[in-house]
Amino acid sequence: MPEIAEIARAVHFLRIHLVGKRIASAEAIDDANVFGKVGTTGAAVAAALQGKKVVSAGTQGKYFWIALEKPPHLVMHFGMTGWIHIKNDKTAYTNYFKKMEDSEYTVWPPKFWKFQIKTEEKPAVEIAFTDPRRFGRVRLVDCPGEEIRKHSPLVENGPDPVVDKDRFTEEYLRGKMTTRHVPIKALLLDQTTISGIGNWVADETLYHAKMHPEQYCDDFSDAEIKTLYKNICYVCDLAVEKLGDSDEFPEHWLFNHRWGKGTKGSSSKLPNGEKLAFITVGGRTSCYAPAIQKKTGQVTANAKTEPLVKEESDDAKVSAKQDGKSARKATKAIKDESGDEKTAPKRDRKSIGKAVKFEAETTPAKGKRSNPAASENSKSKKAKVVPVEDDGGRRRSGRLRK
């Protein structure tokens, strides 16, 4: 899921290409998840955008928005796989998206688009919001543009560590940690406490702070809280400064070595030699370095610790194979923006009718061969050819042919 740095990247490109321009045309698919679950429709979003001038673009944690010359304004959340595409420009360059093929930038509109707009300028700027899994959310907020953050859903979320330096202070963090009794990893992921921190940012922060991810948040010393605050600011500030470009992250960061769980030939340790391990509590997986992230207080009792990642060996190969099977099963359950596990939503027939039709035409029925040659061979094996004999001009009934 895109986190604070990836959102900052998307807004960066919106400010360059869209802010200050007038929208000549807008089109949206009436997706019941992306629009419908937040009380609007594709038609309403298109109508709100049509002919309007974009005044500004902003971000708070995992949410971002574009403010128009008059309300309503668009407030968006990428969910699991949402993104903003700009024609002829590669906006995506993060761990999640940098493997996109060039065709996804040159073919327009891009696959899985939910709404797209075109500006009046020559040459026109074309922008599209895409979301393959449809956990993203696009809503309309009817208020003055400068008051967007005072309305739902932004008002219910905590301060952003980068844009809210006046609110996100060491005292604020200490107050939250000492009045809650949850694992520190869970506290960092709570968007009502801090906006924008997701799984990788939380793990990176805890690694630099040398904190065990499952230790209770109210069981840290003042010195440890001070260290955690310092590292939240360090990780978030630098990640946003680099616009989520992982190639620009420091080599010693956990981010560069955490993605190989269960993958053959993946990194098993950090450059300094520290081995990596994974721990799962409440369905969430954390990557950490046990040698330095040691427990200094109470840890949640239901933590499930997984073995240390070892260098490639026969045992490691077997373990990787088993992890791979588990990962494939895990893809059936994904998390929406609230963090709850849910089954992936069924396709909206109206929004992807063409895709469904294409599958029906090209996918062979269950149990039937898809290879025409193989099918013909199969028929020839079953059919028994009997040579025609001279029957004296008689039919099978015995009657003579005329």
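About the criteria used
Residue indices follow the written sequence of each chain, beginning from 1 at its first position. Predicted model: local features are reported for residues with pLDDT of at least 70 only, side-chain atom pairs are reported and counted for 80 or more only, and whole-chain, interface and lining totals are derived from all residues. The side-chain figures draw on all heavy atoms in the structure; neither hydrogens nor water molecules are used. Note on pairing: DSSP must find at least two bridges between two strands before they are called paired. Secondary structure is summarised from DSSP: a helix means a run of H or I of at least four residues, a strand means a run of E of at least two, and numbering begins at the N terminus for each. Throughout, an axis means a line fitted to C-alpha atoms (over the contacting stretch in the case of helices), and angles, computed between N-to-C directions, take values from 0 to 180 degrees. We call two residues in contact whenever any of their non-hydrogen atoms come within 4.5 Å of each other. By convention in these notes, a salt bridge is any Lys or Arg side-chain nitrogen within 4 Å of a carboxyl oxygen on Asp or Glu. Burial here depends on accessible area, computed with a 1.4 Å probe over protein chains only, as a share of the maximum for the residue type. Under 20% is buried, over 50% is exposed, and the range in between is partly exposed. Within a predicted model, pLDDT stands for the predictor's per-residue confidence, ranging from 0 to 100. This arc is built from the directions going out from the helix axis to the C-beta atoms. The term nonpolar core refers to a set of buried residues drawn from Ala, Val, Leu, Ile, Met, Phe, Trp, Tyr and Cys, joined through side-chain atoms within 4.5 Å. Boundary definitions for the domains trace back to an automatic or database domain assignment.

Asker: Explanation requested: the sheet that holds strand S8 (residues 137-141) in the structure shown.
Answerer: Note on sheets: strands pair through backbone hydrogen bonds, and any given pair is parallel or antiparallel. Ordered by their spatial adjacency, four strands build an open sheet running S2-S3-S4-S8, and the pairing between neighbours is antiparallel. The sheet terminates laterally at strand S2 (54-60) and S8, the two strands that pair on one side only. For this sheet, the mean inter-axis angle between neighbouring strands, taken without regard to orientation, is 20°. Pairing of S2 with strand S3 (residues 63-68), which is carried by six bridges, proceeds in the antiparallel orientation. Counterpart to Ala57 in the pairing with S3 is Ile66. Against the sheet, helix H1 (residues 4-17) engages S2 and S3, with an angle of about 170° to S2. Relative to S8, helix H2 (residues 42-49) is tilted by about 55°, and along the sheet it contacts S3, strand S4 (73-77) and S8.

Asker: It is not clear to me how the pattern of salt bridges should be interpreted in this structure. Could you clarify?
Answerer: Overall, the coordinates contain 13 salt bridges when judged by the stated rule. The residue Asp31 makes a salt bridge to Lys114 at a minimum N-O spacing of 3.0 Å. Of this pair, Asp31 sits in the loop between strand S1 (23-28) and H2 while Lys114 sits in strand S6 (residues 113-119), and the two are 83 residues apart along the sequence. In terms of burial, Asp31 and Lys114 fall into one category: buried. The network of salt bridges with common partners includes Glu170, Arg174, Asp222 and Lys226.

Asker: Quick question: what am I supposed to make of the sheet that holds strand S7 (residues 126-130) here?
Answerer: Read across the open sheet, the four strands follow the order S1-S6-S7-S5; overall the sheet is antiparallel. Two strands lie at the open edges of the sheet, namely S1 and strand S5 (83-86), each paired on one side alone. Averaged over all pairs of adjacent strands, the angle between strand axes in this sheet comes to 15°, irrespective of strand direction. Alignment of S6 against S7, held across five bridges, turns out to be antiparallel. The residue bridging Ile117 from the neighbouring strand is Ile127, located in S7. Sitting on the sheet, H2 is in contact with S1 and S6, with an inclination near 175° to S1.

Asker: What is the right way to read the confidence of the model for the chain from this model?
Answerer: Close inspection of predicted coordinates is inappropriate for parts of the model with low pLDDT. The pLDDT averaged across the chain works out to 80; a share of 69% of its residues lies at or above 70. Predicted confidence for residues 307-327 stays below pLDDT 50, and this span has 19 contacts to residues more than four positions away or in other chains. In this model residues 329-394 is a low-confidence stretch, pLDDT under 50, and it forms 59 contacts with partners more than four residues away in sequence or in other chains.

Asker: In this structure, what is going on with H2? I would like to understand it.
Answerer: Residues lying three or four places apart along an α-helix face the same way, a consequence of the helix completing one turn every 3.6 residues. Buried residues of H2: Gly42, Val45, Ala46, Ala48 and Leu49, and no others. Viewed end-on, H2 has its buried residues packed into an arc of 160°, placing them on one side of the element. Projecting away from the buried face of H2 at angles above 90 degrees are the exposed residues Ala43 and Ala47. On its buried face, H2 sits against S1, S3, S4, S6 and S8. Gly51 sits one or two positions beyond H2 and adopts a positive phi of about 75°.

Asker: Quick question: what am I supposed to make of the nonpolar core here?
Answerer: Generally speaking, soluble globular proteins have nonpolar side chains that are buried together. Judged by nonpolar contacts, the single largest core of 34 residues is most densely connected at Met177, Ile184, Ile197, Leu228 and Ile232. At the level of secondary structure, the elements contributing two or more residues to this core comprise H1, helix H4 (170-178), helix H5 (184-189), helix H6 (199-209) and helix H7 (222-241). Looking at this core, the element that brings in the most residues is H7, giving 10 residues. Residues from two domains meet in this core; each of domain 1 (4-156) and domain 2 (170-306) gives at least three. With residues up to four places along the chain from it excluded, the contact list for Leu228 reads Leu173, Met177, Ile184, Thr205, Leu206, Ala209 and Met211. Counting 31 residues, the second-largest nonpolar core is a separate cluster that includes Val11, Ala26, Val45 and Ile86.

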